[in-house]
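Structural overview
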Amino acid sequence: MSGHVIVRTRRGPDPGVLAELARHGVATVHEAHGRRGLLAPEIRPVQRGARIAGRAVTVLSHPGDNLMIHACIEQCGPGDVLVVATTSRSTDGMFGELFATQLRYRGVLGLVSDAGVRDVAELAAMGFPAWSRAVHAQGTAKAVPGSVNVPVVVAGQRIDPGDAVVADDDGVLCVPRAEAAAVAAAATARAADEEDKRRRFADGVLGLDHYDLRPTLERLGVRYVDDPEGDRT
């Protein structure tokens, strides 16, 4: 596919799979996914406390120009996450309250942007979560073409339209659409195992013993020694 395109598609993971991914959150899903899929930590939550998982609708824009965000909104629907990439590094405030108002009407869960956002107070007041490279009031133009629902790279991670995007206070993670169901099942199993560990640790069991790490310390040459002045007051 060449040139500038707007691809119309509703491909994406099953809504039940997305709900399961959202329930477990980024850290657990990341581990269940073989520690793959994380966006670099430059992409940070603009507001704390949100946790979402949705179908990626991708936008590839020219830096400093938000024409293609306007063009993509009619391709968005309930349960989607808007993912914005730029053809070169940008921190311009390409997204704000008026975009969020349109997306909220369409049932979009939130934004992940490799550029900047603005109107932060208004986004918080309306409960529209965003993860971005920057918070920056710099305005943008609407003049340069780009594409919608094409593969993009955001903070070092490839995201295809229809992939599962999970985001919370720990960052943002992409799970390929074809793997989403298996990863959700693995995350559920991991969460059950973590609950068992949580109970053990709450009862005083040390991770050092639970994970049988004492032989590892010995193998690596770590020794226990007593403080020679430990009995002195």
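Scroll up a little and you will see the structure.
An account of the accompanying structure is given in this report.

What counts, and at which threshold
Residues numbered from 1 in each chain as written. Predicted model: local features only at pLDDT ≥ 70, side-chain atom pairs only at ≥ 80, totals over all residues. Heavy atoms only, no water. 1 Å grid on protein atoms, 1.4 Å probe; cavity = no way out; pocket = protein on both sides within 12 Å on 5 of 7 lines; lining within 4 Å. Points joined across faces, edges and corners; volume = space filled by probe spheres on them. Helix = DSSP H or I, 4+ residues; strand = E, 2+ residues; numbered from the N terminus. Nonpolar A, V, L, I, M, F, W, Y, C, P; charged D, E, K, R; others polar. Salt bridge = Lys/Arg side-chain N within 4 Å of Asp/Glu carboxyl O. Buried < 20%, exposed > 50% of the residue type's maximum accessible area, 1.4 Å probe, protein only. Core = buried A, V, L, I, M, F, W, Y, C linked by side-chain atoms within 4.5 Å. Contact = heavy atoms within 4.5 Å. Expected span 1.5 Å × (residues − 1).

1. Considerations on the layout of surface pockets
Its volume calculated, the largest pocket comes out at about 210 Å³. Contributing to the lining of the largest pocket are 15 residues, with Asn66, Gly96, Leu98, Phe99 and Arg118 lying nearest its centre. Listed by contribution, the elements that provide at least two residues to the lining of the largest pocket are strand S4 (93-95) and helix H3 (97-105). Counting residues per element, the lining of the largest pocket draws most heavily on H3, at 4 residues. Tallied by class, the residues present in the lining of the largest pocket amount to 4 nonpolar, 7 polar and 4 charged. When its volume is computed, the second largest pocket comes out at roughly 150 Å³.

2. Some remarks on the pattern of salt bridges
Pairs can form between side chains of opposite charge once their charged atoms are near each other. Using the criterion set out here, one finds 15 salt bridges in the structure. Across the salt bridge formed by Glu20 and Arg23, the nearest N and O atoms sit 2.8 Å from each other. Of this pair, Glu20 and Arg23 both sit in helix H1 (residues 15-32), 3 residues apart, which is roughly one turn of the helix. Looking at Glu20, the relative accessible area reads 21%, which means it is partly exposed. Note that Arg133 and Asp114 form a salt bridge whose closest N and O atoms lie 2.8 Å from each other. Residue Arg133 is found in strand S6 (residues 130-135), and its partner Asp114 is found in strand S5 (residues 110-117); the two are separated by 19 residues along the sequence.

3. So, the nonpolar core
Counting 23 residues, the largest nonpolar core has Leu82, Phe95, Leu103, Leu111 and Phe128 as its most contacted members. Broken down by secondary-structure element, the contributors of at least two residues to this core are strand S2 (52-61), helix H2 (67-72), strand S3 (80-86), S4, H3 and S5. If sequence neighbours within four positions are ignored, Phe128 has contacts with Gln47, Phe95, Ala100, Leu103, Arg104, Val108, Leu109, Gly110, Leu111 and Leu123. Among the nonpolar cores identified, the runner-up in size contains 19 residues, and Leu39, Val150, Val152 and Cys174 belong to it.

4. Some remarks on helix H5 (residues 180-202)
Helix length check: H5 (23 residues) gives 32 Å between terminal C-alpha atoms against 33 Å at 1.5 Å per residue, within 8%. The set of residues buried in H5 consists of Ala180, Val183, Ala184, Ala187 and Lys197. The elements touched by buried residues of H5 are H1, strand S10 (164-168), strand S11 (171-175) and helix H6 (207-210). Backbone geometry just downstream of H5 places Gly204 in the positive-phi region, at approximately 100 degrees.

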